[in-house]
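So you can see what is in the structure, the chains are spelled out below.
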Amino acid sequence: MKRKLLIISMLLLTVSMQAQWGQMKEDLTNTARKFIIDLTEDGKAQMVCYLPKAPSGRAIVGVPGGGYSVLSNSHEGYLASGWLNGRGIAYFVVNYRLPEGNRFIPMSDVQMGIRTVRDSADVWGINPHDVGIMGFSAGGHLSSVISTLSDFDARPDFSILFYPVISMDENVSHIWSCRNFLGEDQKNPELVAQYSTQNAVRRHLTPPAIIISASDDRLVPLVTNGLEYYKAMRNAGNDCTMYIYPTGDHGFGFGPWFKYHDQMLTDLGNWLDHLKTPKKGAVKVACIGNSITDGHGIDMATAYGYPAELQKILGDDYYVKNFGVSARTLLNKGDFPYMNELAWKDALAFEPDIVVIKLGTNDSKPQNWQYASEFKQDLEQMVTTLCPALKQPAKKNKKARAFAPTKPLIYLCTPIPALKTSWDISDSIIVNGIIPIQQEVAKKYSLNVIDLHTLFAGDADKMQDDGIHPDGKGARRIAEIVAGAIK
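Residues numbered from 1 in each chain as written. Predicted model: local features only at pLDDT ≥ 70, side-chain atom pairs only at ≥ 80, totals over all residues. Heavy atoms only, no water.

Draft legend 1. Main features of the sheet that holds strand β14 (residues 409-413). Strand order in the open sheet formed by five strands is β10-β9-β11-β14-β15, with parallel pairing between adjacent strands. Each edge of the open sheet carries a strand with a single partner, namely β10 (318-324) and β15 (448-450). Between one strand axis and the next, the sheet turns through 20 degrees on average, direction left out of account. Note: strand β9 (residues 283-289) against strand β11 (residues 354-358), five bridges, orientation parallel. Directly across from I288, in β11, lies its bridge partner I357. (Pairing = 2+ DSSP bridges. Helix = DSSP H or I, 4+ residues; strand = E, 2+ residues; numbered from the N terminus. Axes fitted to C-alpha atoms, helices over the stretch in contact; angles between N-to-C directions.)

Encoded structure:
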């Protein structure tokens, strides 16, 4: 009974705040243009757009809360426009359709909003690789769903989550958000788990996030929601920051009545200022690989794995993304084929200019190398999928030298030496079986080869105890070798 009264009182407070701040005149001092776009043909989903006078190239898509039963789009939407535009950030508030039990309705509206922003990036002065999402309460849940479960083209580059609903388990979350979003599927434990987004966080693939909450939130329990998302992000080694203010309860948004409003804006502003932004037009580099690319055994591999070190060396003219997944094989009949992974799908959608492929170590295991006869065809499948033009016969130039299309430019890395037989990995098979096939395929398609097996051979002191994975210094060494080949 007490819980029902609390829910009713909070909903009445939200409606009251909506009425109070909905009449408030928007601060358009820093806004060059305000307009509305229909996201659906019937106009039931719309996006209110605020373009800044001095654009920085960054954009944020706003997702209001309201328990999936109303839209609190004043203090959890429009009210942020002045502050964001003042920082040069284009802002887009999505007035999405309510799910009424069909979760795909609001999901599709927000996804359409993000795709529209990216599609119009050139016209609106936006960097398509610097488009974030900002959601409040149930809108925070929807933002986390888009951040974890959407296809690459609709997934934001960073997430701002205000007191978010994360769990779809009504026993530990906001009951009506759970029921309104999932409808009858709220009785399906698999879907409850799937849309409890702490379970959907993926290493390297889930964008950096900041979570903003009050310790005394009585409507959406912090410990079983926002904190769970933070833990999942940190355990995955992903960039995540969390600010918990002593008081404020639920639903403060950008309302000036929030006791810590000014401090919150300072904290959020500092986080945005330090958020790494890919340079518009930078050369895109996709690092494809297994645990050595993923950064196994390196804490915060997103910041200290070899692709992160590669980014530091190459500098702002390059945009490096890590698509490594531990334990994966090149072989499609291996125990964990890479080309079955979301990371592979994302790597293709990234549309890279350069691809660095570092696979083969796990293929040397007995259970995988039994399919050795298929290694060449699977490698050819990977490179021709990345660059379909490679399927065409190589042309000849005037000097009769074969050449192939170079977008993306593909580098095949030989595996680093396996100093031990941990997990039945065999350096002998790597040397006598895998590397010769890599060289044969590279010659056939005029690909570049980075011989890490030779170039890393003198760096045994930069390996972890398992003799397979490089440590932090080893990751830096690999990055130096790869950077040298690219530059």
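Read on, since the account is not over.
Draft legend 2. Focus on the sheet that holds strand β8 (residues 240-245). Ordered by their spatial adjacency, eight strands build an open sheet running β1-β2-β4-β3-β5-β6-β7-β8, and the pairing between neighbours is mixed. Looking at the sheet topology across the chains shown, the edges are occupied by β1 (31-38) and β8. Neighbouring strand axes in the sheet, compared pairwise and without regard to direction, differ in orientation by 15 degrees on average. Relative to strand β5 (residues 131-136), strand β3 (residues 59-63) is paired through five bridges, and the arrangement is parallel. Paired with A59 across the bridge in β5 is V131. Contacts between helix α8 (residues 226-235) and the sheet are confined to β6 (158-162), β7 (209-214) and β8, with β8 contributing the most and set at about 155 degrees to the helix. (Contact = heavy atoms within 4.5 Å.)

Draft legend 3. Structural view of the pattern of salt bridges. In total, this model carries 28 salt bridges according to the counting rule given. In this structure, D273 and R87 form a salt bridge, with 2.6 Å as the shortest nitrogen-oxygen distance. With D273 in helix α9 (residues 261-274) and R87 in the loop between α2 (81-86) and β4 (90-95), this residue pair connects regions lying 186 residues apart in the sequence. Owing to a relative accessible area of 30%, R87 belongs among the partly exposed residues under this scheme. K462 is paired through a salt bridge with D461; the nearest N and O atoms lie 3.7 Å apart. D461 sits in the exposed class, given a relative accessible area of 58%. Connected through shared salt-bridge partners, E309, K312, D459, D461, K462, R476, R477 and E480 make up one network. (Salt bridge = Lys/Arg side-chain N within 4 Å of Asp/Glu carboxyl O. Buried < 20%, exposed > 50% of the residue type's maximum accessible area, 1.4 Å probe, protein only.)

Draft legend 4. Representation of the nonpolar core in the model. With 40 residues, the main nonpolar core has I288, F323, Y338, I357, M382, V383 and I410 as its most contacted residues. Those elements that provide at least two residues to this core are β9, β10, α13 (342-349), β11, α15 (375-386), β14 and α16 (427-445). In terms of residues, this core owes the most to one element, α16, which gives seven residues. Non-local contacts of I357, meaning those with residues more than four positions away in its chain, are made with I288, M382, V383, L386, I410, Y411, L412 and C413. Core analysis: the next-biggest nonpolar cluster, separate from the first, contains 38 residues, F92, L142, V145 and L191 among them. (Core = buried A, V, L, I, M, F, W, Y, C linked by side-chain atoms within 4.5 Å.)

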